[in-house]
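Survey of secondary and tertiary structure
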Amino acid sequence: MACKLPGNTTVSVKSILRKCAVMLVSLLASFYLLQSLRQLGGSSVRSPDASVSASVSASELVEASEAPLRTKRVLHRWTVGSVARQRFEGGAPGAHGSASTKLRPLGDGTKRLPQAIIVGVKKGGTRALLEFLRVHPDVRAAGAEPHFFDRFYDNGLEWYRDLMPKTLDGQITMEKTPSYFVTREAPARIYSMSRSTKLIVVVRDPVTRAISDYTQTLSKRPDIPSFESLTFKNRTTGLIDTSWSAIQIGIYAKHLDNWLQFFPMRQILFVSGERLISDPAGELGRVQDFLGLKRIITDKHFYFNQTKGFPCLKKAEGSSKPHCLGKTKGRPHPNINPAVVQRLRDFYRPFNMKFYQMTGRIFGWDD
Ligand SMILES: Nc1ncnc2c1ncn2[C@@H]1O[C@H](COP(=O)(O)OS(=O)(=O)O)[C@@H](OP(=O)(O)O)[C@H]1O
């Protein structure tokens, strides 16, 4: 059918209807698109470049894990600087910047010197702590141990900075090198990098720590003497060989004295290696508070793996799969003569008491 319009124009009704249908469809499509965008970012996320409310942190965005898949995809591609840095008082030279409220693509960022370091102790549970902390969206950590303040100090701070992962404003850079705790020069060197560096020490019963240390050496050099013979200078008198590093490291009070020459106690957090196994979420709560982070890591992140005999992560950083620490963590220890163990307990007791006094926490190694 055709109609005659004024001006002698002939328009087919079919073509008008077709045009109307096309307009309606585009209108509906635009409306749907608009609605989806609104759902996606709420009122804060408008476009990848749009600024967001200063109170929205990367952590809070990750908490939106219950959100639809579509939202999740966007959150993976875009993240925002959080307010954590504002709460985090520490910071290395050049590491401070106002908490950014700009959305930025992941992979962007700057390598910064660490604002917090896990300085010890060897075999205390330092890897477990760092792996657990990495789950936090406001924490980024160097993978391997840099050993800057003990072995590679001459390489300079720029070398050290280059080992660090990129971070966005508001994210904390961390590393762990457990040998720092017993390195004489480490406190002065860290202090000269930044006097506000936060220090974390994971401590564990010095006797089991010594056995764990020995177990590690034994796994690399199966021909070493027995634990018992390395422990004593003189087996008959029962004199302990304190020059053996496995014994030396556990005299925590002595090493701590060295750190206190440079850092106040409030800048050092002591994590119980035992509690990190029996109550990982509890210890992680303390660590997050100390770092000025929102308490994101909770019970929900852990499960107890019966085969491993240790707590594991339900989802590792950047993965959706469960994750336990590797085979070298949580190894069975050789049986040690109980009389030797008892002698070591007696040896460490006064040092432990001093350490409890200094830290204000009773770690319960002498119960
Ligand atoms: N969740 C979890 N999984 C596995 N292992 C755990 C965990 N939490 C703490 N631990 C304890 O960590 C001990 C190793 O400590 P470190 O990581 O500090 O060792 S190292 O100094 O870096 O070599 C390691 O010591 P060993 O048991 O002697 O192997 C563990 O007891």
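Notes on the structure in this doc start here. (Residues numbered from 1 in each chain as written. Predicted model: local features only at pLDDT ≥ 70, side-chain atom pairs only at ≥ 80, totals over all residues. Heavy atoms only, no water.)

Turning next to the state of the cysteines. Evaluation of the coordinates by the stated rule reveals 1 disulfide. Each sulfur of the disulfide joining C312 and C324 lies 2.0 Å from the other. In this structure, the disulfide formed by C312 and C324 twists by about 100° around the S-S bond and is classed as right-handed. With C312 in strand β15 (residues 310-313) and C324 in the loop between β15 and α14 (338-359), this pair connects stretches of sequence that are 12 residues apart. Its relative accessible area of 1% is what places C312 among the buried residues. (Disulfide = S-S within 2.5 Å. Helix = DSSP H or I, 4+ residues; strand = E, 2+ residues; numbered from the N terminus. Buried < 20%, exposed > 50% of the residue type's maximum accessible area, 1.4 Å probe, protein only.)

What follows is about the environment of L113. Topologically, L113 is positioned in the loop between β5 (110-111) and β6 (116-120). The spacing of L113 and Y160 is 47 residues in sequence and 7.4 Å in space, taken between C-alpha atoms.

For the rest of this paragraph, the subject is the packing of aromatic side chains. Here the structure, examined in full by the defined rule, presents 26 aromatic pairs. Ring geometry for F149 versus Y160: centroids 5.1 Å apart, planes at 75°, classification edge-to-face. Here F149, found in the loop between β7 (139-141) and α6 (157-162), pairs with Y160, found in helix α6; they are 11 residues apart in sequence, far enough to count as distant. Ring centres of F347 and F351 lie 5.4 Å apart, and the angle between their planes is 55°; this geometry places the pair in the tilted category. Of this pair, F347 and F351 both sit in helix α14, 4 residues apart, which is roughly one turn of the helix. F351 sits in the partly exposed class, given a relative accessible area of 30%. Clustering of aromatic rings is evident, with ring pairs tying together F148, F149, F152, Y153, W159, Y160 and Y180. (Phe/Tyr/Trp six-rings, centres within 6.5 Å; stacked < 30°, edge-to-face > 60°.)

Moving on, we come to the sheet that holds strand β10 (residues 198-203). One open sheet accounts for 5 strands, arranged β7-β9-β6-β10-β13; its pairing is parallel. The open sheet has two edge strands with one neighbour each: β7 and β13 (268-272). Each strand axis lies, on average, 25° off the axis of its neighbour in the sheet, ignoring direction. In the sheet, β7 pairs with strand β9 (residues 172-176) via 3 bridges, with the strands oriented parallel. Its bridge partner lying in β9, R140 is registered against T173. Across the sheet, helix α5 (residues 126-133) touches β6, β7, β9, β10 and β13, and the angle it forms with β9 is around 160°. (Pairing = 2+ DSSP bridges. Axes fitted to C-alpha atoms, helices over the stretch in contact; angles between N-to-C directions. Contact = heavy atoms within 4.5 Å.)

What follows concerns the packing of α5 against helix α13 (residues 280-290). Across the interface, α5 lies against α13 with an axial gap of 11 Å and an inter-helix angle of 70°. One way to sum up the angle between α5 and α13 is to call them roughly perpendicular. Side by side, α5 and α13 meet where L129, F132 and L133 of the first sit next to P280, L284 and V287 of the second. Classifying every residue of the contact of α5 with α13 by side-chain character gives 6 nonpolar, no polar and no charged. (Parallel < 35°, antiparallel > 145°, perpendicular 65-115°, else oblique. Nonpolar A, V, L, I, M, F, W, Y, C, P; charged D, E, K, R; others polar.)

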